Amino acid sequence: MIALAALAVAVSAVSGLWVETATRQRELLLIESSLGSSARTVAELVRELPFEPTRRSDLSELAARAARASGVRVTLIAPDGKVVADSEVTPEDLDGVESHASRPEVAAALAGRTGTDTRRSDTVGRAFLYLAIPRAAPSGSGVVRVAADLSSVDSAVAGLRWALVTGGVLSLAGALALSFFFSRALLRPVWAFRSTLARLSAGDLGARVRWSSNDELGELARSLDRMAEDLERSQAEIVAERDRLAMVLRVMVEGVLVVDAEERIVLANPRLRELLGIRVEIEGLRPMAALRNAEVDDAMRAALARCTWPRSTAPKSTG
């Protein structure tokens, strides 16, 4: 679930960032294209007017009318970088506007090229996309600059960002829900394996997984069930053999004593207990300590001396 959630968040974040960047770039390109048309129109309107401070009133009126008609900010700039008209600045306040000759888009237009730039306006305090073109007119050179307020683009991108965040949250919730159900579906056979193995380790050899899918988990379940069947069959054979041996030992007229490689008693049949008068459990004890019979101990040691298998690994018995 954590992996799928992280994947959903990563995909939503990357795709959201890409969509937001692509949308902003597309909108800026559309605005720039529209600004180019507006700038050329304004240049035609002011073609006959020289960009001189003495014509500020006429130029400001034309800039204001062009701005209302096109919905953009219009700025007229003299060849020396002095602003002679601006649709958002009154003619009386133009003297306080600094020279625009160093602005990137104006510098490009003064050099005879179309210039663009995106920045926050020092004059009105808002972000604008600026486009400036050189004016070649009978009345003299200059620069016509138009600008589009980017607050609408920022608002649209903010709305898109909110929609992307909402979609990302919904995607995350869906991914978590799907991963929860998928993980439970995948873990069901694992739980069945764990339960079966726990029962087998506890001695219940009749436990089975019985998972019938055709995938790798189904094959694993069938292998585990076959292993459990083999263990159950082997245990049944061992129990049967043990019972037969116990029956033989019980009916023998001879006493039988079996010791292991460490010379500790493993088995003593009823006849041996009867012959030696043993009334307590002696399994696990050494013969001398359990039987306290020197003859039996000597006989056992004589039998061990005749054994040919390694004393450190093989079981030993005497009777």
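Shown above is the structure to which this text applies.
Residues numbered from 1 in each chain as written. Predicted model: local features only at pLDDT ≥ 70, side-chain atom pairs only at ≥ 80, totals over all residues. Heavy atoms only, no water.

1. Brief notes about a nonpolar patch on the surface
Right, on to step 1. Taken together, the side chains of Met1, Leu176, Phe180 and Phe181 present a nonpolar region at the surface, about 390 Å² in accessible area.
Right, on to step 2. In this structure, Leu176 sits in helix α4 (residues 151-201). (Patch = residues over 30% accessible without salt bridge, like charges linked within 9 Å, V, L, I, M, F, W, Y side chains within 5 Å. Areas by Shrake-Rupley, 256 points an atom, 1.4 Å probe, with all protein chains shown as cover. Salt bridge = Lys/Arg side-chain N within 4 Å of Asp/Glu carboxyl O. Helix = DSSP H or I, 4+ residues; strand = E, 2+ residues; numbered from the N terminus.)

2. Digging into the sheet that holds strand β1 (residues 73-77)
Right, on to step 1. Pairing is antiparallel across the open sheet formed by five strands, whose spatial order is β2-β1-β5-β4-β3. Each edge of the sheet is formed by a strand with only one pairing partner; in this case those strands are β2 (83-86) and β3 (115-120). Averaged over neighbouring strand pairs, the angle between their axes works out to 20 degrees when direction is ignored.
Right, on to step 2. Here eight bridges tie strand β4 (residues 127-135) to strand β5 (residues 142-149), and the two strands are oriented antiparallel to one another. (Pairing = 2+ DSSP bridges. Axes fitted to C-alpha atoms, helices over the stretch in contact; angles between N-to-C directions.)

3. Observations regarding the environment of Ala198
Right, on to step 1. By secondary structure assignment, the location of Ala198 is in helix α4.
Right, on to step 2. Placed 11 residues apart in sequence, Ala198 and Val209 show a C-alpha to C-alpha distance of 11 Å.

4. Brief notes about the nonpolar core
Right, on to step 1. One finds Leu35, Phe51, Leu59, Val74, Leu76, Val144 and Val146 to be the most contacted residues of the largest nonpolar core, which totals 28 residues.
Right, on to step 2. At the level of secondary structure, the elements contributing two or more residues to this core comprise α1 (2-45), α2 (56-70), β1, β2, β4, β5 and α4.
Right, on to step 3. The contacts of Leu35, once residues within four sequence positions are left out, are Val72, Leu129, Leu131, Val146, Ala147 and Ala148.
Right, on to step 4. Leu257, Val259, Ile278 and Leu291 belong to the second largest nonpolar core, which has 11 residues in total. (Core = buried A, V, L, I, M, F, W, Y, C linked by side-chain atoms within 4.5 Å. Buried < 20%, exposed > 50% of the residue type's maximum accessible area, 1.4 Å probe, protein only. Contact = heavy atoms within 4.5 Å.)

5. Considerations on the packing of aromatic side chains
Right, on to step 1. For the structure on display, the rule yields two aromatic pairs.
Right, on to step 2. Ring geometry for Phe128 against Tyr130: centres 5.8 Å apart, planes inclined by 40 degrees, an arrangement best described as tilted.
Right, on to step 3. Assessed through its relative accessible area of 1%, Tyr130 is described here as buried.
Right, on to step 4. Consider the rings of Phe180 and Phe181, whose centres lie 5.5 Å apart with planes at 75 degrees: the pair is edge-to-face.
Right, on to step 5. Judged by its relative accessible area of 36%, Phe180 falls in the partly exposed class. (Phe/Tyr/Trp six-rings, centres within 6.5 Å; stacked < 30°, edge-to-face > 60°.)

6. What about the pattern of salt bridges?
Right, on to step 1. Scanning all chains against the criterion turns up 17 salt bridges.
Right, on to step 2. Arg103 is the partner of Glu98 in a salt bridge, and the nearest nitrogen-oxygen pair spans 2.4 Å.
Right, on to step 3. Look at Arg103 and you get buried, because its relative accessible area is 9%.
Right, on to step 4. Glu105 is the partner of Arg145 in a salt bridge, and the nearest nitrogen-oxygen pair spans 2.9 Å. Of the two residues, Arg145 sits in strand β5 while Glu105 sits in helix α3 (residues 104-110), which places them 40 residues apart along the sequence. When sorted by exposure, Arg145 lands in the same class as Glu105, which is buried.

7. Quick look at the environment of Ala173
Right, on to step 1. Inspection of the secondary structure puts Ala173 in helix α4.
Right, on to step 2. Under the relative-accessibility criterion, Ala173 is labelled partly exposed at 43%.
Right, on to step 3. Expressed as a C-alpha distance, the spacing of Ala173 and Ala8, which sit 165 residues apart in the sequence, is 9.2 Å.

8. Quick word on the packing of α1 against α4
Right, on to step 1. It is the contact of α1 with α4, at a shortest axis distance of 9 Å, that shows an interaxial angle of 160 degrees. With respect to α4, the axis of α1 lies roughly antiparallel. Crossing of α1 against α4: the hand is right-handed. When α1 is examined against α4, the residues Leu4, Ala5, Ala8, Val9, Ser12, Gly16, Val19, Glu20, Thr23, Arg24, Glu27 and Ile31 are found in contact with a partner set consisting of Val153, Asp154, Val157, Leu160, Arg161, Leu164, Gly168, Ser171, Leu172, Ala175, Leu176 and Ser179.
Right, on to step 2. Considered class by class, the residues forming the contact of α1 with α4 number 13 nonpolar, six polar and five charged. (Parallel < 35°, antiparallel > 145°, perpendicular 65-115°, else oblique. Left-handed = near helix turned anticlockwise from the far one by under 90°. Nonpolar A, V, L, I, M, F, W, Y, C, P; charged D, E, K, R; others polar.)

9. Here we look at α2
Right, on to step 1. Along its 15 residues, α2 runs 21 Å from first to last C-alpha, staying within 8% of the 21 Å computed at 1.5 Å per residue.
Right, on to step 2. For α2, the complete set of buried residues consists of Arg56, Leu59, Ser60, Leu62, Ala63, Ala66 and Ala67. Burial along α2 is one-sided: seen end-on, the buried residues are contained in an arc of 165 degrees. Pointing more than 90 degrees away from the buried face of α2 are the exposed residues Ser57, Arg68 and Ala69.
Right, on to step 3. As for α2, its buried residues are in contact with α1, β1 and β2.
Right, on to step 4. Once α2 finishes, Gly71 follows within two positions and takes phi at roughly 75 degrees, a positive value. (Expected span 1.5 Å × (residues − 1). Arc of directions from axis to C-beta.)

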